[in-house]
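Given next are the chains, with one letter for each unit.
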Amino acid sequence: MQKNIAIVGAGFSGAVIANQLAKAGYTVEIFESRPHIAGNCHSERDAETGVMVHIYGPHIFHTDIERVWEYVNRYSRFMPYVNRVKAITNNSVYTLPINLLTINQFFGKTFRPAEAQAFLASLGDKSIENPVTFEDQALRFVGRELYEAFFKTYTVKQWGMQPTELPASILKRLPVRFNYDDNYFAHKYQGMPEDGYTALVEKIIDVPGITVHLNTRFDPAQKGDYAHVFYSGPIDAWFNHAEGRLPYRTLDFEVFRDTGDYQGNAVINYCDDSQPYTRITEHKHFSPWEKHEKTLMYKEYSRQCEEKDIPYYPIRQARDKQQLERYVNVAREEPNVTFVGRLGTYRYLDMDVTINEALMTADKFLECAKGNERM
Ligand code: UDP
C-alpha cells in the first residue's frame, strides 16, 4: 500500500503544503498538537463582545508577492484594512513608523520632506558605516533622541535584552518615511480575511485527501510510517533538544473588555517605561467593516519562553547561530523529512513569506516526485 504524507502543524506552512499535495492526488494527514488549526494566526469570535479576536496577538496580512495574494484570495474574501500604528512616549502620542508627522511633532518643526531628510541625516551617527546591531542601525539612521524615545525601551521590553545585543535586521523591518504616509506596511496588498484566519486555513485544508488530527503530537519515531514528513514544529524539538533549547520570546496577553471605543485605534505601542507592556491592541478595529457595541483589548507582555510556553519570536542572536547551524546540519541529513515555517527553520517570518515558502516547498516536492516517476 502506498504510504501517506504526514504534515506536522496546522499553521500556514502545513495547511498550504497539505493543500498543494492533496490537489496533486496525495493522501495527507495533518498532526496538530493544539485543539485548533491555524497555529498562532488562530482567530475566534469572543462570545461576550462578538469581536473577532486574534487569539495569539494581531496578524495583519500584507504582501508584495502576487502568487501569495492570489492564493489566499482563493480561500477567503479579503477586506480592506490598513495598519496605522500610534506610539505613546514621554506623554505624547505619535505616528509610527517614523514619518514626517512624527519628526515634525517630535522636534517641534514644520519641515518639508527634503528638510526633514537633511535634518535626520545630520542627527545620524555617520561614524557607524556598517550597522551590525539594532542600536547601530538606529543611531546611524535616526540619531539618539528618536532611538531612545521610540526604539530603545520598547525593544528591551520586547526582546528582554539590550539593542546592542540584537541584529540590525530587526529594526530594518521598520521604514523611516519623509512624507505623511502612516501605513505601517509598504506592501502593495494589505487586508484581513473576512471571517478570520482560522476560517481561511479551514478552507485551505478543505480538500479531499486531507485528514486533520487535532490534539495529537507527532512522534518523530513515527516517520517511517509515512512516505514523507513536512515538519513545522520547533526544529530543536524534533531532535529532542540534543543541541540544547533554541531561545524564543513568548507573549502573555491580559484580556479586558469595555463598551464603545477604548483607544480609537487597533494598535497603540508604549515605547517608554511608563507601562510594562509593549502595546495595547483593540481587536474590533482589525475588522473595521464589523460594528460592535462592546470591545475587547489585549495588553501585550513579552518574556523569555519556557518549556511549557508557546514559542513566538526566535531570538537568533549571534551566539545562538552555531547551535542553530548544528540543528540545520542534522536536519539536512534527515531522510524524507522537510523542515518548514517559522519554528521548523527558526526564522522571524511574516505570513506571506511563510505561505510563499510553503508553495515553493510543495512545488519542489512535486517536481522531484515527477522526476522519480520518469526514472
Ligand atoms: N520596535 C520598536 N518600537 C516600536 C515598534 C517596533 O522599537 O514601537 C522595534 C522592536 O524591536 C520590534 C522591531 O522594531 O521587534 C520590529 O517591529 P515590528 O513591528 O516589525 O515587530 P512585530 O510586532 O511584527 O514583531
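Residues numbered from 1 in each chain as written. Predicted model: local features only at pLDDT ≥ 70, side-chain atom pairs only at ≥ 80, totals over all residues. Heavy atoms only, no water.

Asks: Can you walk me through the nonpolar core in this structure?
Replies: Across soluble globular proteins, nonpolar side chains have a tendency to be buried as a group. Within the largest apolar cluster, 102 residues are counted, with the highest numbers of intra-cluster contacts made by V28 and F150. What V28 contacts, discounting residues up to four positions off in sequence, is I5, I7, A18, L21, A22, G209, I210 and T211. Counting residues in hydrophobic clusters, the runner-up holds seven residues, among them I88, F256, Y277 and I280. (Core = buried A, V, L, I, M, F, W, Y, C linked by side-chain atoms within 4.5 Å. Buried < 20%, exposed > 50% of the residue type's maximum accessible area, 1.4 Å probe, protein only. Contact = heavy atoms within 4.5 Å.)

Asks: Any chance you could explain the packing of aromatic side chains here in plain terms?
Replies: Here the distance between the centres and the angle between the planes together describe a pair of aromatic rings. In this structure the tally under the stated criterion is 35 aromatic pairs. For the pair Y81 and F286, a centre-to-centre distance of 5.9 Å together with 50 degrees between the ring planes defines the contact as tilted. Residue Y81 is located in the loop between β6 (78–80) and β7 (85–89), and its partner F286 is located in the loop between β14 (279–282) and β15 (294–304); the two are separated by 205 residues in the primary sequence. The pair formed by Y81 and F286 is uniform in burial state, with each residue classed as buried. Here the aromatic cluster, defined as three or more aromatic residues joined through ring pairs, consists of F31, F218, Y226, Y231, W238, F239, Y327 and F339. The cationic tip of R140 hangs over the ring face of F141; the distance from NZ or CZ to the ring centre is 5.2 Å. The aromatic ring of F256 is capped on one face by K299, whose charged end is 5.2 Å from the ring centroid. (Phe/Tyr/Trp six-rings, centres within 6.5 Å; stacked < 30°, edge-to-face > 60°. Helix = DSSP H or I, 4+ residues; strand = E, 2+ residues; numbered from the N terminus. Lys NZ or Arg CZ within 6 Å of the ring centre and 35° of its normal.)

Asks: Can you walk me through the sheet that holds strand β10 (residues 210–213) in this structure?
Replies: One key point about sheets: their strands pair by backbone hydrogen bonds, in either a parallel or an antiparallel sense. Strand order in the open sheet formed by five strands is β10-β2-β1-β11-β17, and the pairing between neighbours is parallel. In the strand order of this sheet, the two ends are held by β10 and β17 (337–339), each with one partner. Geometrically, the sheet is characterised by an average inter-axis angle of 20 degrees between neighbouring strands, direction not taken into account. The sheet contact formed by strand β11 (residues 228–231) and β17 spans three bridges and is parallel. By the bridge assignment, V229 is partnered in β17 with V337. (Pairing = 2+ DSSP bridges. Axes fitted to C-alpha atoms, helices over the stretch in contact; angles between N-to-C directions.)

Asks: Can you help me understand unusual backbone geometry in this one?
Replies: Where the residue is not glycine, phi is negative for most of them; where a peptide bond is considered, it is trans in most cases. With an omega of -5 degrees, the peptide bond running from L96 to P97 counts as cis. For P97, the position within the fold is in the loop between β8 (92–96) and α3 (100–107). Even without being glycine, N240 reaches a positive phi, approximately 55 degrees. Classification of N240 by relative accessible area gives exposed; the value is 65%.

Asks: In this structure, what is going on with the site of the ligand? I would like to understand it.
Replies: If you check the shell around the ligand, you find 17 residues, and the closest are T155, R173, Y184, N269 and Y348. One nitrogen or oxygen atom from the side chain of R173 is found 2.7 Å from an oxygen atom belonging to the ligand. For the ligand, whose unbound accessible area comes to 520 Å², protein coverage reaches 92%. Looking at the shell around the ligand residue by residue, the classes come out as twelve nonpolar, three polar and two charged. (Near = heavy atom within 4 Å. Polar contact = N/O pair within 3.5 Å; in protein donor to acceptor, adjacent residues only side chain to side chain. Areas by Shrake-Rupley, 256 points an atom, 1.4 Å probe, with all protein chains shown as cover. Nonpolar A, V, L, I, M, F, W, Y, C, P; charged D, E, K, R; others polar.)

Asks: Looking at this structure, I do not really get helix α6 (residues 143–159). What am I missing?
Replies: Since there are 3.6 residues in each turn of an α-helix, residues three or four apart along the chain are aligned in direction. Its 17 residues place the ends of α6 only 21 Å apart at the C-alpha level, less than the 24 Å of an ideal helix rising 1.5 Å per residue. The sharpest bend along α6 measures roughly 45 degrees and falls at A149. All of the buried residues in α6 are G143, L146, Y147, A149, F150, F151, Y154, T155, K157, Q158 and W159. G160 occupies a position one or two residues after α6 and carries a positive phi of about 70 degrees. (Expected span 1.5 Å × (residues − 1). Bend = angle between axes of the 7 residues up to and from the residue.)

Asks: I'm lost on the pairing of β15 in this one. Help?
Replies: Every other side chain in a regular strand lies on the same face of the sheet, so the side chains alternate between the two faces. Pairing of strand β12 (residues 248–259) with β15 involves eleven bridges; the strand directions are antiparallel. Looking at β15, one finds that D258 is bridged to T295. Both β14 and β15 contribute to a ladder of four bridges, which runs antiparallel. The residue of β15 that forms the bridge with R279 is E300.

Asks: Is there a simple way to explain the packing of α3 against helix α4 (residues 113–123) in this structure?
Replies: Packed helix pairs are characterised by how far apart their axes lie and by the angle those axes make with each other. Running from amino to carboxyl end, α3 crosses α4 at an angle of 65 degrees, the nearest separation of the two axes being 11 Å. The interaxial crossing formed by α3 with α4 has left-handed handedness. Here L100, I103 and F107 of α3 come into contact with α4, specifically with P113, A116, F119, L120 and L123. For the contact of α3 with α4, a count of residues per class yields eight nonpolar, no polar and no charged. (Left-handed = near helix turned anticlockwise from the far one by under 90°.)

Asks: Where do I start with the domain arrangement of the protein in this structure?
Replies: Interface size is often expressed as the accessible area that is lost when the parts come together. As assigned here, the protein comprises domain 1 (5–37 + 205–247 + 315–374) and domain 2 (85–171). Taken over C-alpha atoms, the centre of domain 1 sits 37 Å from the centre of domain 2. Across the boundary between the two partners, domain 1 contributes five residues, which contact four residues of domain 2. Around 420 Å² of area is buried between domain 1 and domain 2 when both sides are counted, 65% of it from carbon and sulfur atoms. If you sort the residues of domain 1 by the area they bury against domain 2, I315, Q317 and Y348 come out on top, with a joint share of 87%. Inspection of the region where domain 1 meets domain 2 yields zero salt bridges. (Domains from an automatic or database assignment. Buried area = accessible area lost by both parts, 1.4 Å probe. Salt bridge = Lys/Arg side-chain N within 4 Å of Asp/Glu carboxyl O.)

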